[in-house]
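Residue-level structure breakdown
Chain by chain, the residues run as shown.
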Amino acid sequence: MHITSYRDNILETSRQLIEHMIVNHNKVLTVRIDIRFPSSYPHNGMNDEIEQFNKNIARCFRYRNVDMRYIDVREQNYSYHPHYHALIIVDGNKIQNPYTILEVATRTWNGIVGSDTLGLVHLCTHQEGHPIPPMEMIRRPSSLATGAQLEQQTAAFERARRIALDHTAYLAKEFTKGNAPEGVREMLASQIRRS
């Protein structure tokens, strides 16, 4: 029996980012993507490219007046290049379709690594039989809902929130972490500004 261990700091940071967005928006879309380098890319072992990606994608959504947060984790096993698993969290009132995020992320990443290769940014659409259902829009219950309607909306909200949090476990898995050069972070995330 295989037992998976998780990094608590990644789980907690993911939870904080999702909860922050839920407090600030009545609809929240969470989208998980994987990010890879082209096989011939001359990677220097640092996180320069993913840091530039985070800065550029945040600027792009800010320009569109879309509140967004991100968390990405670096993994590397036997490959020369690391790869990243990322969770992009956006105001679901402004963006309802994960393919909008995929398009922005692909254009941004391919520009940074100087490639037009398709598939370097992969939208994690979960296959049938996967133990966690595909992600859904997280909708807070309406303040006007009462009785059975409120119960139904609350149940749907809790289910969607749980699905989003369950998906963050993949980012937090211990396997393939711990291989970054000394001083190179394996988790990069948006800051939550306290008011």
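Placed above this text is the structure.
Residues numbered from 1 in each chain as written. Predicted model: local features only at pLDDT ≥ 70, side-chain atom pairs only at ≥ 80, totals over all residues. Heavy atoms only, no water.

1. Quick look at the state of the cysteines
Put simply, the rule is: Cysteine sulfur atoms are paired as a disulfide whenever they come within 2.5 Å of each other. Summary of the burial criterion: residues with accessible area below 20% of their type's maximum are buried, those above 50% are exposed, and those between are partly exposed, where the area comes from a 1.4 Å probe applied to protein chains only.
Applying the stated criterion across every chain yields a total of zero disulfides. Sulfur of Cys60: no disulfide; nearest cysteine sulfur belongs to Cys124 and is 20 Å away. For Cys124, a relative accessible area of 11% puts it in the buried group.

2. Overview of a positive patch on the surface
Rules: The patches described consist of residues with a relative accessible area above 30% and no salt bridge, like charges being joined within 9 Å and nonpolar side chains (Val, Leu, Ile, Met, Phe, Trp, Tyr) within 5 Å. Areas reported here follow the Shrake-Rupley algorithm with a probe of radius 1.4 Å; residue values treat only the protein chains shown as occluding. Within this document, salt bridges are pairs made up of a side-chain nitrogen of Lys or Arg and a carboxyl oxygen of Asp or Glu, the two lying within 4 Å of each other. Charge convention: Lys and Arg are scored as positive, Asp and Glu as negative, and His as well as the terminal groups of each chain are ignored. By convention, the point assigned to a charge is CZ for Arg, NZ for Lys, CD for Glu and CG for Asp. The secondary structure listing takes helices from DSSP runs of H or I that are at least 4 residues long and strands from runs of E that are at least 2 residues long, numbered from the N terminus.
Among the surface-exposed residues, Lys55, Arg59, Arg62 and Arg193 lie close enough to one another that they form a single positively charged patch. Within the fold, Lys55 resides in helix H2 (residues 48-63). Of the residues examined, Lys55 reaches a relative accessible area of 49% and is grouped as partly exposed.

3. Some remarks on the pattern of salt bridges
For the structure on display, the rule yields 12 salt bridges. As a salt-bridge pair, Glu75 and Lys173 come within 2.8 Å of each other at their nearest N and O atoms. Note that Glu75 is positioned in strand S2 (residues 68-75) and Lys173 in the loop between helix H4 (147-172) and strand S6 (187-189), a separation of 98 residues in sequence. With a relative accessible area of 2%, Glu75 lands in the buried category. Classification of Lys173 by relative accessible area gives buried; the value is 11%. The salt bridge involving Glu103 is made with Arg107; its shortest N-O contact spans 2.1 Å. Note that Glu103 and Arg107 are positioned in helix H3 (residues 98-113) at a spacing of four residues, about one turn of the helix. With a relative accessible area of 40%, Glu103 lands in the partly exposed category. Assessed through its relative accessible area of 44%, Arg107 is described here as partly exposed. In this structure, a network of salt bridges that share partners links the residues Arg7, Glu174 and Glu186.

4. Observations regarding the side chain of Arg32
Applicable threshold: Pairing of N or O atoms within 3.5 Å defines a polar contact, subject to two protein rules: one partner must be a possible hydrogen donor and the other a possible acceptor, and residues neighboring in sequence count only if both atoms are side-chain atoms. Residues count as neighbours in contact if any of their non-hydrogen atoms are within 4.5 Å of one another.
By the element assignment, Arg32 lies in strand S1 (residues 27-35). At 2.7 Å, the side chain of Arg32 and the side chain of Asp34 are in polar contact. Beyond its immediate sequence surroundings of up to four residues, Arg32 is in contact with His85, Ala86, Leu87, His122, Leu123, Cys124, Met135, His167, Tyr170 and Leu171.

5. Considering unusual backbone geometry
For Asn65, which is not a glycine, the phi torsion comes out positive at approximately 60°. By relative accessible area, which is 55% here, Asn65 ends up exposed.

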